[in-house]
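# Structural features, examined
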Amino acid sequence: MSKKIRSALSGLLTIVVFLGLSIGYAAEPTFDEWLESVKTEYAGESLTFVMAVHPTTSAMTSMLADFERDTGIKVNTEEVQENHLHDKLLLDFVSGGGNYDVFYLDTCWVGEFARKRVTQDLTSYINREGQYDWYDYDDFVTAWSKGSGMIDNRVHGVPINGEVTLIVYRKDILDKYGITEDDLDTTDKFLEQVKFLEGKEPDVYPVVFRSRRGHNAVYSYFQFLYPFGGTLFNPGEWEPQLTTAEAVEALKFMCELKKYAPPSMENFGVEEANTTFRSGKAVFWVGANPAIPGYSNPEVSPVIAGKIDVLQIPQGPGGNYSGWTAWNLGVSSRSRKKDLAWVFLQYMTSKEKGYDYITSGGSPVRISQFENLELVEKNWHFPEMLKSLEQAANLANTGVDWRPRIPEWTKISEELGYYVAMAFIGEMTPEQALENANNAIREIMEDAGYY
Amino acid sequence: MDGSHKRKFFRVCGAIGSLILIIIFSLPFLWMISMSFKTPLDCVKIPPVVLFKPVLTNYTDLFNRINFGNYMQNSIVVSLTATIVSMIISLPAAYVFARIRKKYKNKIILLVLSVRMAPAMSLVIPFFVLSNAVGILDTQLALIITYLSFNIPLIFWMMQGYFSQLPVEIEEAAYIDGCSSFGIFTRIALPLTVSGLSATAILCLIQSWNEFVYALFLTSIRSRTLPTTIMIFLGHEGIQWGQMTAATTLITLPVVFLAFLVKDYLVRGMAMGGIKE
Amino acid sequence: MVGIKRSKHWMTPMLIIITVAAVIPIFLLIYLSLHRWELGYPWSERVFIGLRNYKWFFTSTQELRSLSVTFKFVFWAVLTEVFLAVLISSFLYKNPIGKKYVVFSMVIPIAMTPAVNAFLWRLYFTPSHGIINWILNTLFGATPNWFGTELAFVMLVLVDIWRWVPFLSLILLAGLEAIPPEPLEASYAEGATWGQTLLYVVVPMLKPIITVGIILRMIDAFKLFDLVFPLTAGGPGDLTEVLSMHIYRYGFFDIGRIGRASAMAVVLLVIVIALTAVYVRYTQRKEEV
C-alpha cells in the first residue's frame, strides 16, 4: 500500500477509535452535563425536604440556593428536633399524605422504615444506566453506605453524614495538668483522670455526654457496652445478652461517670450536651464527629475553638471498639416527585458538591473526601476519624452491627433507653435495670417472631 | 395600738398582698410580651433587660420564615366553625331539656358530662384511626368534628341553666297568641339569654383555640393550628426566644382578651361544664 | 297552666352526635386495646391478643410507675391548690383594695393556652438563664436545678398551681360572697378571730363548693398532658411521666404500639368516667336537697 493510503487509513482508524471512545464517554454525563439535563427537565418544580436540627442539615441549607440555581428546582424545608422526626415521617406515611419528598433519615430507623415501606427502595435508582459510575456509589465509606443505609442488600438511604464515635477533649486543660493521651487509653485510666479533674477548674465538669431517656441514653450506653465486652444479641439467635456481667459493668461505668458530670445531664439530648461542651463547661465530651467542625469554628464556639483535640474511645476489658452510624437522605415512598427527590439526593451527596458541603460544616462520607488534600488541611479531625473507623472495623469484624438495623430497633431502643435512664438517675440498680430491659427486649423479639 | 392604726396596717398589708398576687399572675404574661420585642441577644441577658430598644423582627420572621399566617388562619376557621356548628346543634337541645321534666334527665346529664370529661388522650387514638380510614387526616374538617365532642356538652350545660331560669309565663303567653314552639324559641328564649349565649360562645372559642392534643395528632402541615406550633421551636432553645415569645404572644393574646370580656361567666362555664383546656 | 308542645326531637341531633363522637370511638378504643398493632403496619396485620395488654399494664414496671406518678401528682396538686385557693379567696373577700385588679389578673392563667404556657415556663425555669432562678439568686442566692431529679416533679406541680389556683379562688370567692352575713357576725360576736371563723364557720359552709372544686380538679389532673409535654416530656427518666404522657409516648412518640397505648387509654378513661359519675351524683344530690 502506498504510504499516503496507509497514513490515511491509520488516521481514519484513529478517528474511528477516538469517536467510539468519545461516544462511550458521552453515555456517562459529567456532573455539569447532568445538571444541565436536570434543569431542562425539571426547572420550575418544587419539592419538600424535611430534616432534623443538626450541623449537617445547616450545611445543606446553605447549599440550597446553589441547588435552586443549578437545577431550577425550588426546595421547601421543614426542620424538627431529632426526636420528633421519626414520628413525623411515620405519621406522614400512615396518613398517606406524601407531604415530604426527601427526608433526613437516621440509620436507627432504616430497618423499621424499610419493613414498613416508608422509604423508597433506591437500589434501582443507583443502578440506573449511566448513573452508577459518575455518581460513584462505591466511593462511599462502606461503614456508612452498606453498613448504615442498606438493608437486605437494598439501599434505603444514602449517607450524607458519616458518624463514628469518639471523645473530644480540652487540650488546654489537659496540658495544664500534664495529662497526655497515653493516660487515657484504657477505661480504667480514663475514669482515673476524670476523677482527678473533678473540681480542678471552676465551673468546669470533667465529662459530659447525651443521656436523656430513650435514644440518647442508648447511644451513650453503647459506647461503653462493647469495650467492656458486652453485646446486645448473640449472633444468629437474637437472644438479648444484657444481663451478662460485662453489660452490667458497662452500665455501672456509665453511671459512675455521672458523678463527674454537670447537674441534670440526665436530661441532655445531643443539643444540650453539645452546648455544654461548647460553652467550655466540660473537659471530655463523649460523642461523635459531626459536632467537631462547629467546635473548631471560632465564630460558633468562641470559648473552645483551637483548644480541642480528639481521643479514641478508650480500650475496655472487652476490647478496643468504637461505634459507627450515619444520617442518610431517603426518599418517601409516598412522594409524588420521586425523581426530583432523587436529583436532590444525588446533588447533596455527590463528589462534586462534597467540597462545599464539608466546608459548610458537613461530615465526610466518601473515601475521596478523606483523600482530598485541601479538605484534609481544613479539617484537622479527619485523620482522627480514620483511626476511630479502624476501631469501628474491629467491632464489625466480629460480626456485630453497632446498633442492629432490624425493624424492631425503635421499640428496643425505647425500652432499653428507659431502663438505662432509670439506672442512670438512680431509680434502679444497673442489675435490675438491665434485667428488666432484657426481658422487655426478649418480649419484643418474641412477638416479632424471632423465636 | 388603737383601732385606726391597726386598720391602716391591715390595709397596707392588704394592698401589698394584692400587689403580690397581681404580679404573680400577670408578670409571666407581660414578661413574655416584652421578650417578643427584644433582639435575640437581649432576650438571654443576665440580669434581665427591662429597658431596651424594641424590634419587630421577631414578628416579621414568624410570618415570613415560618408559615405562621397559615396556622393562624387554621385556628380561626376551626374555632369559629366548631363553635357555630356546636351552637346550632346544642341550643335547641338545651332549650328542650330545660323545659321538660322526665326521669331520664339524669341519664342525659351523665352522658353529656362523660363525653365532656373524657380525656382527649383516650379518644384521640380512635379518632386518629378513623380519620385516617376516612382520609381526613390533616384537614380542618377532622379537627372541627373532634372539637364538637367538647363544645356541644359545654353549650348544652351552660344554656340549659340559662334557659331554665327564664320565666315560663312569657312563653305561655306567646303560645296562647298562636306562636309556634320554634317561634317561641327563636323570638323569645334566645333573645332573652343573649348575654349568656355570647359568653358561652366565647368560652367555646377559647377552648377550641387552646386545644392541643387533638391538634397534635390529627394535623401535620396543612391544617396545623396555633398551639402545636411550639413544637417548631423545641429544637432551637436559647437561639430563638424572641421568635418563640412572639409566637406565644400571638397565640395567647386573643384568648386572654376574650376571657377578659367574659370573666364573670368564666367560673360558671368552666365549673358547670367541667374543665377543658 | 298551658302546656306548650315541646318536641323532644330537638335533642336528637345532639344525642346522636354525642353518641357517635364518643361511643363509637370508645368501642374502637376497646377493640384496639385487645390487639397487637404497630403504627405503620397495615390494618390487616393486627393480631388479636385478648387481655394481654391489660395484664402487661398492671404488671409492668414502667406503667405502674407512671400510674403512681399520676396519683402522686393528683394528690399534691389538688391538695395544695385547694389550700391556696381557700387562703387567697378569703384574702380577697376581706380585702377590697385592688380586688378588682387581682381578679382581672387572674384571668390570665385561666385563659392562656396551657401547652403554650408550659413552654413558656420551661423557658423561665431554665436553671442557667431563666428568670426564675435570676430572681431566686438575687433574693436568696439559690439557683435550684429545676429539671433535675429532685425538683422536676415539684416544678410541674408549681406550674399547675399557677394555672389552676386562680380558677379555684374565683369559685370559692363566689361561694364566699354568697354566704349570708349572719353566721359570720354571730361568730365575731362570740369573739372569734377571722382565722377561727374561717376554719369553723366558713369552710363548712363552703364544703359543697370545695367538694365540687376538688372533684373537677381531680378529673382534670388525671387527664393532664398539655402541661407535661412541653415542660419535661415526662423526664428526667420517668419522674414526671403522668399517664397521658405515657400513652402518648407509647402510642406515637417513637414507639407506635397502638394496642398497648389503647389499653392504657381505656384505664385512664375508666378512672375519669368513674370520677365524673361521682361528680354527677354529688351535684344532683345537692340540688335535690
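Residues numbered from 1 in each chain as written. Chains lettered and ligands numbered in written order. Predicted model: local features only at pLDDT ≥ 70, side-chain atom pairs only at ≥ 80, totals over all residues. Heavy atoms only, no water.

### Quick notes on the overall build of chain B
- On a plain count of helices and strands, chain B comes out with 14 helices and zero strands.
- Across chain B, helices and strands are ordered from the amino to the carboxyl terminus as α-α-α-α-α-α-α-α-α-α-α-α-α-α.
- Its C-alpha atoms give chain B a radius of gyration of 24 Å, more than 25% over the compact-globule value 19 Å for 277 residues.
- Projected onto its principal axes, the C-alpha positions of chain B cover 75 × 70 × 30 Å.
- Burial statistics for chain B: of 277 residues in total, 61% are counted as buried.
- Approximately 11400 Å² of chain B is accessible, and the part contributed by carbon and sulfur atoms is 68%.
- With 21 positive and 12 negative side-chain charges, chain B shows a spacing of 4 Å between the two charge centroids. (Helix = DSSP H or I, 4+ residues; strand = E, 2+ residues; numbered from the N terminus. Rg over C-alpha atoms; globule rule 2.2 N^0.38 Å. Buried < 20%, exposed > 50% of the residue type's maximum accessible area, 1.4 Å probe, protein only. Areas by Shrake-Rupley, 256 points an atom, 1.4 Å probe, with all protein chains shown as cover. Lys, Arg positive; Asp, Glu negative; His and termini not counted. Charge placed at Lys NZ, Arg CZ, Asp CG, Glu CD.)

### Re the nonpolar core
- Tyr221(A), Phe284(A) and Phe163(B) are the most contacted members of the largest nonpolar core, which totals 352 residues.
- Here the element with the most residues in this core is helix α7 (residues 152–178) of chain C; it accounts for 16 residues.
- Here this core spans two domains, since at least three of its residues come from each of domain 1 (31–163 + 325–393) and domain 2 (165–324 + 397–447) of chain A.
- In this view, Phe163(B) contacts Leu91(B), Ala94(B), Tyr95(B), Ala98(B), Arg99(B), Phe185(B), Ala189(B), Leu190(B) and Thr193(B); residues no more than four positions away in its chain are not counted. (Core = buried A, V, L, I, M, F, W, Y, C linked by side-chain atoms within 4.5 Å. Domains from an automatic or database assignment. Contact = heavy atoms within 4.5 Å.)

### Remarks on the interface of chain C and chain B
- Residue-level contacts link 87 residues of chain C with 94 residues of chain B.
- Sorting the residues of chain C by area buried against chain B places Arg6(C), Trp10(C) and Phe119(C) first, and these three jointly supply 9% of that buried surface.
- Scanning the region where chain C abuts chain B turns up seven residue pairs in polar contact (both at pLDDT 80 or more).
- Partitioned by chemical class, the residues of the side of chain C that touches chain B number 67 nonpolar, 11 polar and nine charged. (Buried area = accessible area lost by both parts, 1.4 Å probe. Polar contact = N/O pair within 3.5 Å; in protein donor to acceptor, adjacent residues only side chain to side chain. Nonpolar A, V, L, I, M, F, W, Y, C, P; charged D, E, K, R; others polar.)

### Points about a nonpolar patch on the surface
- Residues Ile46(B), Trp134(C), Ile135(C), Leu139(C) and Phe140(C) make up a contiguous nonpolar surface patch of about 520 Å² in total accessible area.
- Residue position: Trp134(C) is located in helix α6 (residues 131–140). (Patch = residues over 30% accessible without salt bridge, like charges linked within 9 Å, V, L, I, M, F, W, Y side chains within 5 Å. Salt bridge = Lys/Arg side-chain N within 4 Å of Asp/Glu carboxyl O.)

### Observations concerning the interface of chain A and chain B
- Contacts between the two partners involve 12 residues from chain A, matched on the other side by 12 residues from chain B.
- The junction of chain A with chain B conceals about 1000 Å² of combined surface from both sides, 51% of it contributed by carbon and sulfur atoms.
- Linking chain A with chain B are zero salt bridges, by the criterion used here.
- At the junction of chain A and chain B, the tally comes to one residue pair in polar contact (both at pLDDT 80 or more).
- For the side of chain A that touches chain B, the secondary-structure elements that each account for two or more residues are β2 (74–80) and α4 (82–94) of chain A.
- Ranked by residues supplied to the side of chain A that touches chain B, first place goes to α4(A) with four residues.

### Structural notes on the pattern of salt bridges
- A complete count under the given rule lists 40 salt bridges over all chains for this structure.
- Salt-bridge contacts for Lys259(A) lead to Glu256(A); the nearest nitrogen and oxygen are separated by 3.1 Å.
- A salt bridge links Arg52(C) to Glu443(A), with the shortest nitrogen-to-oxygen separation between them at 3.6 Å. One end of the pair, Arg52(C), is in helix α2 (residues 52–59); the other, Glu443(A), is in helix α21 (residues 430–447), on a second chain.
- On the basis of relative accessibility, which here comes to 24%, the residue Glu443(A) falls in the partly exposed class.

### A look at the domain arrangement of chain A
Residues and elements named next belong to chain A.
- Its domain assignment divides chain A into domain 1 (31–163 + 325–393) and domain 2 (165–324 + 397–447).
- Computed from C-alpha coordinates alone, the two centres of domain 1 and domain 2 are separated by 27 Å.
- On the domain 2 side, the residues contacting the 37 residues of domain 1 number 34 residues.
- Regarding the contact of domain 1 and domain 2, the summed buried area is about 2900 Å², with carbon and sulfur atoms giving 50% of it.
- Inspection of the domain 1/domain 2 interface yields one salt bridge.
- With its nearest N and O atoms 3.4 Å apart, the salt bridge here joins Arg 210 to Glu 82.
- Of all the secondary-structure elements, those providing two or more residues to the side of domain 1 that touches domain 2 are α4, α5 (107–116), α8 (145–149), β4 (150–151), β6 (158–170) and α19 (382–397).
- Here the element with the most residues in the side of domain 1 that touches domain 2 is α19; it accounts for seven residues.

### Examining the environment of Ile202(B)
Residues and elements named next belong to chain B.
- Tracing the sequence through the fold places Ile 202 in helix α10 (residues 194–210).
- The buried category is assigned to Ile 202, whose relative accessible area is 15%.
- For the pair Ile 202 and Leu 80, spaced 122 residues apart in sequence, the C-alpha separation works out to 9.7 Å.
- The residues contacting Ile 202, other than those within four sequence positions of it, are Leu 258, Leu 261 and Val 262.

### Notes on the packing of helix α3 (residues 61–94) of chain C against helix α11 (residues 243–251) of chain C
All names here are of chain C.
- Contact geometry of α3 with α11 gives a least axis separation of 8 Å together with a crossing angle of 145°. Along the contact surface, α3 presents Gln 62, Glu 63, Ser 66, Leu 67 and Thr 70, while α11 presents Leu 243, His 246 and Tyr 250.
- Taken together, the residues of the contact of α3 with α11 sort by class into three nonpolar, four polar and one charged. (Axes fitted to C-alpha atoms, helices over the stretch in contact; angles between N-to-C directions.)

### A word on the side chain of Ser66(C)
Residues and elements named next belong to chain C.
- Along the chain, Ser 66 turns up in helix α3.
- The exposure class of Ser 66 is buried, given its relative accessible area of 0%.
- Each residue touching Ser 66, except ones within four places of it in the same chain, is listed here: Glu 241, Val 242, Leu 243 and His 246.

### A closer look at a negative patch on the surface
Residues and elements named next belong to chain A.
- Side chains of Asp 32, Glu 33, Glu 36 and Glu 352 sit close together on the surface and give a patch of like negative charge.
- Counting through the fold element by element, Glu 352 comes out in helix α16 (residues 351–359).
- A relative accessible area of 38% places Glu 352 in the partly exposed class.

### Section: the pairing of strand β8 (residues 282–288) of chain A
All names here are of chain A.
- With seven of its seven residues buried, β8 lies for the most part within the structure.
- Pairing geometry for β6 and β8, over five bridges, is antiparallel. When the sheet's bridge partners are listed, Val 168 is paired in β8 with Trp 285.
- As judged from the three bridges shared by strand β7 (residues 205–208) and β8, these two strands associate in the parallel manner. Across the sheet, residue Val 207 finds its bridge partner in β8, namely Phe 284. (Pairing = 2+ DSSP bridges.)

### Considering the packing of helix α12 (residues 245–258) of chain A against α21(A)
All names here are of chain A.
- Between α12 and α21, the least distance of the axes is 9 Å, while the angle of their chain directions is 125°. Compared by their axis directions, α12 and α21 come out oblique. Note on packing geometry: the crossing formed by α12 with α21 is right-handed. Only Pro 430, Glu 431, Ala 433 and Leu 434 of α21 make contact with α12, whose side of the interface consists of Ala 247, Val 248, Leu 251 and Lys 252.
- For the contact of α12 with α21, the residue count by class is six nonpolar, no polar and two charged. (Parallel < 35°, antiparallel > 145°, perpendicular 65-115°, else oblique. Left-handed = near helix turned anticlockwise from the far one by under 90°.)

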